[in-house]
Structure formats: C-alpha cells, structure tokens
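# Understanding the architecture of this molecule
Letter by letter, the chains look like this.
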Amino acid sequence: MALKKPPFSNRRVVTEAEADALANRLADRPYGDEKVVAEPAQEILTRTTISLPQNTLREIEDLALHNKRNGISPKSVSAIIRDALDTYLQKV
C-alpha cells in the first residue's frame, strides 16, 4: 500500500530573509571535512563494572544528590568514586 504524502499546509513557509540568512551563514563554510579545532588532550574514560555493598552505594548516591543540589563537585557517583580512587592511589 502506498503512503500518502502529507498535505502542504503542514510545511513551514521559508521567507526570503530566512533563506538569505542561511545562505550567508553557510557561505564561508569549507566543503568536505569540517575543520577540527584542537582541544587540550584529555584522559579517555573507560567504562568498568564494580560491585559495592548496597549501603555504600546508597551513601555515595546520597552524596552525589547532595552535591548536585548544592552545586558543588563531584556531582555524580562515577566522579565521587574516581576522586576516591585517585586519593587512594596517591597515598599508595
């Protein structure tokens, strides 16, 4: 069964000014690959699975929620665990 085309009334009408604005915005863009802006090298995060006691995980989740609400870092469970591991590894 063939699909019906939507009625033309649903289409947005583009004004001449909008078309000109789009053309001006795209005029200086290079063709092909986009220019890649070099960003400072960051450490690549790798996903892993760990097992924690349920009470410990709840405490960490509560701390993450508290930090999010107060706008302080670390704001996620992963960030809290990363900080704790970094601190531990610096002591060792």
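The structure this text deals with has already been given above.
Residues numbered from 1 in each chain as written. Predicted model: local features only at pLDDT ≥ 70, side-chain atom pairs only at ≥ 80, totals over all residues. Heavy atoms only, no water.

### Some points on the overall build of the protein
Quick reminder of the rule: Secondary structure follows DSSP: runs of H or I at least 4 residues long count as helices, runs of E at least 2 residues long count as strands, and numbering of each begins at the N terminus. Throughout, exposure labels follow a simple rule: accessible area from a 1.4 Å probe, protein chains only, divided by the maximum for the residue type, with under 20% read as buried, over 50% as exposed, and the rest as partly exposed. Computed with the Shrake-Rupley method and a 1.4 Å probe, the accessible areas treat only the protein chains shown as cover for residues.
Counting secondary structure elements, the protein contains 3 helices and 0 strands. Mapped from its N terminus to its C terminus, the protein presents α and β elements in the order α-α-α. Out of the 92 residues in the protein, the part that is buried amounts to 7%. Within the structure as shown, the protein displays about 9600 Å² of accessible surface, and the carbon and sulfur contribution to it stands at 55%.

### Section: the layout of surface pockets
We apply this condition: A pocket here means an open set of points on a 1 Å grid, computed over the protein atoms alone, that has protein on both sides within 12 Å along at least five of seven lines. A cavity is instead a set of points where a 1.4 Å probe fits but cannot get out; residues with an atom within 4 Å of a point line either one. Grid points are joined across faces, edges and corners, and a volume is the space filled by probe spheres set on the points. Think of it as three bins: nonpolar holds Ala, Val, Leu, Ile, Met, Phe, Trp, Tyr, Cys and Pro, charged holds Asp, Glu, Lys and Arg, and polar takes everything else, Gly as well.
Of the volumes computed, that of the largest pocket is approximately 550 Å³. Lining the largest pocket are 15 residues, and of these T46, T48, S78, R82 and L85 lie nearest its centre. Residues belonging to the lining of the largest pocket are distributed by class as follows: 7 nonpolar, 4 polar and 4 charged.

### So, unusual backbone geometry
Here the residue pair S73 and P74 is connected by a cis peptide bond, since its omega of -5° sits within 30 degrees of zero. For P74, the location among the structural elements is in the loop between α2 (54-70) and α3 (77-91).

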